[in-house]
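The chain contents come next:
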There are 2 protein chains.
Amino acid sequence: MRDVAIIGVGMNKWGELWQKSLRDVFVESALLAIEDAGVDHIDSMYVGCMTSGLFVGQEHLASLLSDYLGMGPIPAARVESACASGGLAVRMGFMDVASGMSDIVLVGGVEKMTDVGGDGATYALSTAADQEYEVYHGITFPGLYALMARNHMEKYGTTREQLAQVAVKNHENGSKNPLAQFPQKVTVEEVIKSIMVADPLTILDCSPITDGSACLILCPAEMARKLSKKPPIKIIGTGNATDTIALHGRSDFTTLNATVKAAERAYKMAGVKPEEIDLAEVHDCFTIAEIIISEDLGFFKKGDGGKAVGSGMTAIGGKKPINASGGLKSKGHPVGATGVAQVVEIVHQLRGEAGGRQVKDAKIGLTQNMGGSGGSAVVHIMQAM
Amino acid sequence: MRDVAIIGVGMNKWGELWQKSLRDVFVESALLAIEDAGVDHIDSMYVGCMTSGLFVGQEHLASLLSDYLGMGPIPAARVESACASGGLAVRMGFMDVASGMSDIVLVGGVEKMTDVGGDGATYALSTAADQEYEVYHGITFPGLYALMARNHMEKYGTTREQLAQVAVKNHENGSKNPLAQFPQKVTVEEVIKSIMVADPLTILDCSPITDGSACLILCPAEMARKLSKKPPIKIIGTGNATDTIALHGRSDFTTLNATVKAAERAYKMAGVKPEEIDLAEVHDCFTIAEIIISEDLGFFKKGDGGKAVGSGMTAIGGKKPINASGGLKSKGHPVGATGVAQVVEIVHQLRGEAGGRQVKDAKIGLTQNMGGSGGSAVVHIMQAM
C-alpha cells in the first residue's frame, strides 16, 4: 500500500449562492485545488454529495462535474454517507492512490441546499435518518440531537451554558475565516435566548443550510515533493465505521459508536494516540455533537466534554483546539462538502497558513465527519511530511 | 496491488416487490452471497444505488443496510453513477481489497423503484441526464436513445427489425433465468407492434422498472481457494470512464465514448483482446444500446452491431454471446443493482452453473455497465482461476 499525501486544497466562499448552480459551486473549489497543487491533469475524481437528487434534481454527479471541469473521460465516482459523504470521498481517494490504481486524484465535496425551500431542505436532510423507523413518526435531526443533549445533561451534568459555549467558540474562530458563511461572533446569552428549535437546542445551537464545496488533490507521498512547491501533508490514518442509523437501536445516547470505532481504526493505522493530536476539526452539526465527539475521540473523559469547552481547552489557544475553522456552526454545513472542508482546514493549519486562526506548532491534525445522528463516521489523521 | 477474486454471489427474484422494503430487498441477496461464499464475517461493504432518495426517501444507505444485515460497525459506502452505480460499487470493492485495506468485502447493488408512481419513476430516472441542459427542455431517456437509434439507422443502415431482434434474443435468454422479471418470450412482430414510446423505440425496446438487488463477496485471490469451496473467479481488469452527460455535447451519437475508454482501460489491465472474451453482459437499457455497445467494446466493426444480432452471433450458441442472463430487457433493471447482477451472471457462467442458459466453455467474461445516456461506464473482465 502506497503512502498518500495531499498537495493541493481549495474552498470557495460558503453561503446562500443563489446566483450559482451546483456545477459552478463545485468547479470553483476544484480549480483552486488544482492551482494550489500546481498539477496539469488529474487521473481520477471522487465527489462526496449527500443528496443532489433531492436538492437540485441531479444525480450522475461525478460525470457531470468531471465534464464541467473539462476532465472527462477520467474515472469519476460520487460517494454518499449522508453528512459524512465528504469524509468518505477522502477515504475513497486515499484508497485509489494507495492501491496504485491512480496517481493524481481530485477529491471534492459539494452541496447546493438553498434551491429548495425550508421544508424541502428539512425533508432532504431527514433522508439521513431512518425513514421507516424514525422520520415517518415525525422526528427530525434537531429533535434527535436534543434527545442526546438532554441525556448528556442528566447523566454528566453538562449545562445549557456549556452547549452555548461551543457556538460562542466556533463563531469566534469563524470570525477569522474569510470563507465562513456566518462569521458573526455570538455570546452565550444570545445563543440561549435565540429561537427555540428542539429543547434545549436553540437556532444558534444548530449548523446552518449552506451552498458550498471543497476540494483536495491527492498523490503518492513519494511523488508529492516533486509535484508541489507547498509542504505536502501525509494522510497517516483513515477510519470509517457504521452504527444503527435509528437512534432507538443504540444502548447509550451519550456515545457515538461509529465515531469511537472509526477513531480507533484511524489511530491504530496512524500509530498515534489522542493526546498526540494537535488540533481537530469535528462534526459540530449541533453544539451537543462537538461535546460528545470530543469525548469519543479520546480527547476528554466521557462526560467531561462540556467542562472542556467551558474552560477554554478547545479554543485556538487551548490545549486541544477544536474547529479552528469555525466548524459547521460558523463556517457553514453544505453537507457533502463538510468532510472535505475539514481536511482543507487541517492542511492550511499544518502548512502554517491559517492566518488569524493559526494553531501554533500544529504537527498532527485529525478530522471527524459524521452522517445523520451518528450512523456513520469517517476519521482521518494527517501529518506534515 | 493484490489480485482480487469473487468467492460468492447472490441475487433475489426481481420484479415489482411491493410487499418488501428496500432494506429487505437488499438483505435477501446479501445473505445469499454470504452463504454462497461460506464466510463468517465481512470487513467492509459497498452499495451501488442510483437514487434511493427520490425513490423511497432514504439516503445514508450503506449504514442502514450494514446495520440491517447485522454487520455494523463495519466501514460501508454507497456509491452512485446513475445506472452504472452497481458497476462502480464493484470497482470500489476491488480497490479496497487490492489496496490491502480490507480482506473480505461485500459489494451490493439495490434499487426499489416501484414505490413511486409512473411519473415519479420517470422523474427520478431523469436525474441521470443533465437537468439544466436536457431535462428542463422535456426530453427523457427513451427520447435520448431514440435519437441515437435514428442516427445509427441512417448512418449504418441498421434496421427496425435488428433493434427488435435484440429484445427477442434477450427475452429468449431470460426465459431460462428463474430470477428474471419478464421471462416471457417475444417475437420481432410483437416488439414492433407494441406501444410506441419514442420513435423508433416501442415499449418492448425499453428495459422495465424493477425492484431488485444483487451481491458479491470479494477477497484477495490468494485467500480465495482457502475460503471458498466453489471455483473463485478473478477480476483481471477494471475500467471506468466518463463522457458529457448531455447528449448534445458529443460529436457522434453512434458511439459511446465512456464505454470505449472504460473498455480500453479494462482490456489493457487484463491483457486481453476483445476477441478473447467468451461472453459479455452489457447495458441494454434500450435495444439500440446493446447494438452500439457491442461495437464500442470491439466485438464488431462500427456499424455492424445490428447485423451481428440479426445473424445470431450474439445468441447463447453464437460466436459472441451477449446478455445470456436476459439482460436489462428481460431480467429487469433495478438501476443500482444492474452492474452487480451482470457480474453475478458472469460468475455463474464461468463456474459452469448457469443451467439452461450456460455458454459452453466460457473462460473469460466481460461486463459493461453504463450511466444515463452513456455519461459514465464501468467495464470489468473476469476469468476462472
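Residues numbered from 1 in each chain as written. Chains lettered and ligands numbered in written order. Predicted model: local features only at pLDDT ≥ 70, side-chain atom pairs only at ≥ 80, totals over all residues. Heavy atoms only, no water.

*Asks:* Got a minute to help me understand the overall build of chain A in this structure?
*Replies:* Along chain A, the regular secondary structure elements total 14 helices and 11 strands. A compact globule built from 385 residues should have a C-alpha radius of gyration of about 21 Å, and chain A, at 19 Å, falls within 12% of that. Going through the 385 residues of chain A one by one, you find that 68% of them count as buried. Within chain A, contacts between residues separated by at least 24 positions form 78% of all contacts whose residues are at least 6 apart in sequence. When the accessible surface of chain A is split by element, carbon and sulfur atoms take 54% of a total near 11,900 Å². Where the 35 positive side-chain charges of chain A centre and where its 43 negative ones centre are 6 Å apart. (Helix = DSSP H or I, 4+ residues; strand = E, 2+ residues; numbered from the N terminus. Rg over C-alpha atoms; globule rule 2.2 N^0.38 Å. Buried < 20%, exposed > 50% of the residue type's maximum accessible area, 1.4 Å probe, protein only. Contact = heavy atoms within 4.5 Å. Areas by Shrake-Rupley, 256 points an atom, 1.4 Å probe, with all protein chains shown as cover. Lys, Arg positive; Asp, Glu negative; His and termini not counted. Charge placed at Lys NZ, Arg CZ, Asp CG, Glu CD.)

*Asks:* In this structure, what is going on with the environment of F55 of chain B? I would like to understand it.
*Replies:* All names here are of chain B. Locating F55 in the fold gives a position in helix α2 (residues 52-56). Once the C-alpha coordinates of F55 and A146 are considered, the two residues, 91 residues apart in sequence, prove to be 25 Å apart. What F55 contacts, discounting residues up to four positions off in sequence, is E111, K112, M113, D115, V116, A121, A124, L125 and V335.

*Asks:* Looking at this structure, I do not really get the interface of chain A and chain B. What am I missing?
*Replies:* The extent of an interface is frequently quoted as the accessible surface area lost upon association of the parts. With 61 residues of chain A at the contact, the number on the chain B side is 61 residues. Between chain A and chain B, a total of about 4,600 Å² is buried, with carbon and sulfur atoms accounting for 54% of that surface. Together, H60, M101 and T242 of chain A form the three largest contributors to the area buried by chain A at its contact with chain B, with a combined 15%. At the junction of chain A with chain B, the criterion picks out six salt bridges. Ionic pairing is found between R78 of chain A and E80 of chain B, a salt bridge with its closest N-O pair at 3.1 Å. Linking chain A with chain B are 36 residue pairs in polar contact (both at pLDDT 80 or more), by the criterion used here. Among the secondary structure elements, those contributing two or more residues to the side of chain A that touches chain B are α2 (52-56), α3 (61-68), β3 (76-80), α4 (85-99), β8 (233-242) and α10 (257-270) of chain A. It is α4 of chain A that contributes the most residues to the side of chain A that touches chain B, seven residues altogether. Here the side of chain A that touches chain B is built from residues that sort into 27 nonpolar, 22 polar and 12 charged. (Buried area = accessible area lost by both parts, 1.4 Å probe. Salt bridge = Lys/Arg side-chain N within 4 Å of Asp/Glu carboxyl O. Polar contact = N/O pair within 3.5 Å; in protein donor to acceptor, adjacent residues only side chain to side chain. Nonpolar A, V, L, I, M, F, W, Y, C, P; charged D, E, K, R; others polar.)

*Asks:* Before we go on, may I ask you to explain the side chain of H152 of chain A in this structure?
*Replies:* Residue and element names in this part refer to chain A. In this fold, H152 is placed in helix α6 (residues 141-156). Relative accessible area serves as the criterion here: at 0%, H152 is assigned to the buried category. In contact with H152, other than residues within four places in its own chain, are G157, T158, T254, I288, I291, I292, E295 and G303.

*Asks:* It is not clear to me how the pattern of salt bridges should be interpreted in this structure. Could you clarify?
*Replies:* Any two side chains of opposite charge can pair, on the condition that their charged atoms come close. All names here are of chain A. Across all of its chains, the model carries 50 salt bridges over all chains by this definition. Residues D3 and K234 are paired through a salt bridge, measuring 3.3 Å at the closest nitrogen-oxygen approach. Of this pair, D3 sits in the segment before β1 (4-11) while K234 sits in strand β8, placing them 231 residues apart in sequence. For E172, the salt bridge identified is with K185, shortest N-O distance 3.7 Å. With E172 in helix α7 (residues 160-174) and K185 in the loop between α7 and α8 (188-193), this residue pair connects regions lying 13 residues apart in the sequence. For E172, a relative accessible area of 29% puts it in the partly exposed group. Several salt bridges converge on common partners, so that one network encompasses D36, K230, R351 and E353.

*Asks:* Hey, could you run me through the state of the cysteines in this one?
*Replies:* Here is the idea: a disulfide is a covalent bond, and it sits between the sulfur atoms of two cysteines. Inspection of every chain in the model, using the stated rule, returns zero disulfides over all chains. Here C49 of chain A is not disulfide-linked; the sulfur of C83 of chain A is the nearest cysteine sulfur, at 11 Å. Note on C83 of chain B: no disulfide assigned, nearest cysteine sulfur contributed by C285 of chain B at a separation of 6.8 Å. (Disulfide = S-S within 2.5 Å.)

*Asks:* Looking at this structure, how should I read the relation of the copies chain A and chain B?
*Replies:* Copy one and copy two of the chain differ by a rotation about an axis and a translation along that axis. For these two chains of identical sequence, chain A goes onto chain B by a turn of 180° and a shift of 0.0 Å along the axis, with RMSD 0.0 Å. Both copies of the chain, as the preceding transformation shows, are related through a two-fold rotation axis. Interface residue correspondence from chain A to chain B reaches 100%, placing this contact among same-surface, isologous pairings. (Least-squares fit on C-alpha atoms with pLDDT ≥ 70 in both.)

*Asks:* Is there a simple way to think about a nonpolar patch on the surface in this case?
*Replies:* Residues I195, V197 and I203 of chain A make up a contiguous nonpolar surface patch of about 270 Å² in total accessible area. Mapping I203 of chain A onto the fold places it in the loop between β6 (201-202) and β7 (211-220). (Patch = residues over 30% accessible without salt bridge, like charges linked within 9 Å, V, L, I, M, F, W, Y side chains within 5 Å.)

*Asks:* Sorry, what's going on with helix α6 (residues 141-156) of chain B here?
*Replies:* Owing to its 3.6 residues per turn, the α-helix aligns residues three or four sequence positions apart on the same side. Residues and elements named next belong to chain B. Its 16 residues place the ends of α6 22 Å apart at the C-alpha level, agreeing with the 22 Å of an ideal helix rising 1.5 Å per residue. All buried positions along α6 are accounted for by F141, P142, G143, L144, Y145, A146, M148, A149, H152 and M153. Of the residues one or two after α6, G157 is the one with positive phi, at around 75°. (Expected span 1.5 Å × (residues − 1).)

*Asks:* Any chance you could explain the packing of α7 of chain A against helix α11 (residues 287-296) of chain A here in plain terms?
*Replies:* Each packed pair of helices is defined by two parameters, the angle between the axes and the distance between the axes. Residue and element names in this part refer to chain A. For the pair α7 and α11, interaxial distance at closest approach is 8 Å and the crossing angle is 95°. One element, α7, and the other, α11, form an angle in the roughly perpendicular class. Between α7 and α11, the contacting residues are Q162, L163, V166, A167, K169 and N170 on the first element and T287, I288, E290 and I291 on the second. (Axes fitted to C-alpha atoms, helices over the stretch in contact; angles between N-to-C directions. Parallel < 35°, antiparallel > 145°, perpendicular 65-115°, else oblique.)

*Asks:* It is not clear to me how the packing of aromatic side chains should be interpreted in this structure. Could you clarify?
*Replies:* Here a ring pair, both rings aromatic, is described through the centre-centre distance and the interplanar angle of the planes. This model, assessed by the stated rule, comprises two aromatic pairs over all chains. It is R23 of chain A that lies over the ring of Y68 of chain A; its NZ or CZ is 5.6 Å from the centre. For the cation-ring pair, R23 of chain A lies above Y133 of chain B, with the distance from its terminal atom to the ring centre recorded as 4.4 Å. (Phe/Tyr/Trp six-rings, centres within 6.5 Å; stacked < 30°, edge-to-face > 60°. Lys NZ or Arg CZ within 6 Å of the ring centre and 35° of its normal.)

*Asks:* What is the right way to read the confidence of the model for chain A from this model?
*Replies:* Caution is warranted with low-pLDDT regions, since their predicted coordinates should not be read in detail. Per-residue confidence for chain A gives a mean pLDDT of 97, with 100% of residues at or over 70. With a pTM of 0.98, the predicted complex shows an ipTM of 0.97. (pLDDT = per-residue confidence, 0-100.)

*Asks:* So what exactly am I meant to see when it comes to the side chain of D130 of chain B here?
*Replies:* The topology assignment puts D130 of chain B in the loop between α5 (118-126) and α6. Judged by its relative accessible area of 3%, D130 of chain B is buried. Contacts of D130 of chain B, omitting those with residues within four sequence positions, involve R23, Q58 and L64 of chain A together with V135, I245 and A246 of chain B.

*Asks:* Mind showing me how you'd approach the pairing of strand β3 (residues 76-80) of chain B here?
*Replies:* Within a regular strand, side chains alternate between the sheet's two faces. By the criterion of burial, β3 of chain B is predominantly enclosed, with five of the five residues buried. Side chains A76, R78 and E80 of chain B project from β3 of chain B onto one buried face, and the interleaved A77 and V79 of chain B project onto a second face that is buried too. By the bridge criterion, three bridges tie β3 of chain A to β3 of chain B in an arrangement that is antiparallel. Of the residues in β3 of chain B, the one forming a bridge with V79 of chain A is V79 of chain B. Looking at chain direction, strand β2 (residues 44-48) of chain B and β3 of chain B are connected through four bridges and run parallel. Bridging across to β3 of chain B, G48 of chain B finds its partner in V79 of chain B. (Pairing = 2+ DSSP bridges.)

*Asks:* What exactly am I supposed to notice about the environment of K320 of chain A here?
*Replies:* Residue and element names in this part refer to chain A. Tracing the backbone shows K320 in the loop between α12 (305-310) and α13 (327-331). Between the C-alpha atom of K320 and that of D278, which follows or precedes it by 42 residues, the distance is 6.3 Å. Filtering out sequence-adjacent residues up to four positions away, K320 remains in contact with P274, E275, I277, F299, F300, M313 and T314. At a separation of 2.8 Å, a polar atom in the side chain of K320 contacts the main-chain carbonyl oxygen of I277.

*Asks:* Help me understand α3 of chain A in this model?
*Replies:* α3 of chain A sits mainly inside the fold: six of its eight residues count as buried. Just downstream of α3 of chain A lies G70 of chain A, where phi reads positive at about 80°.

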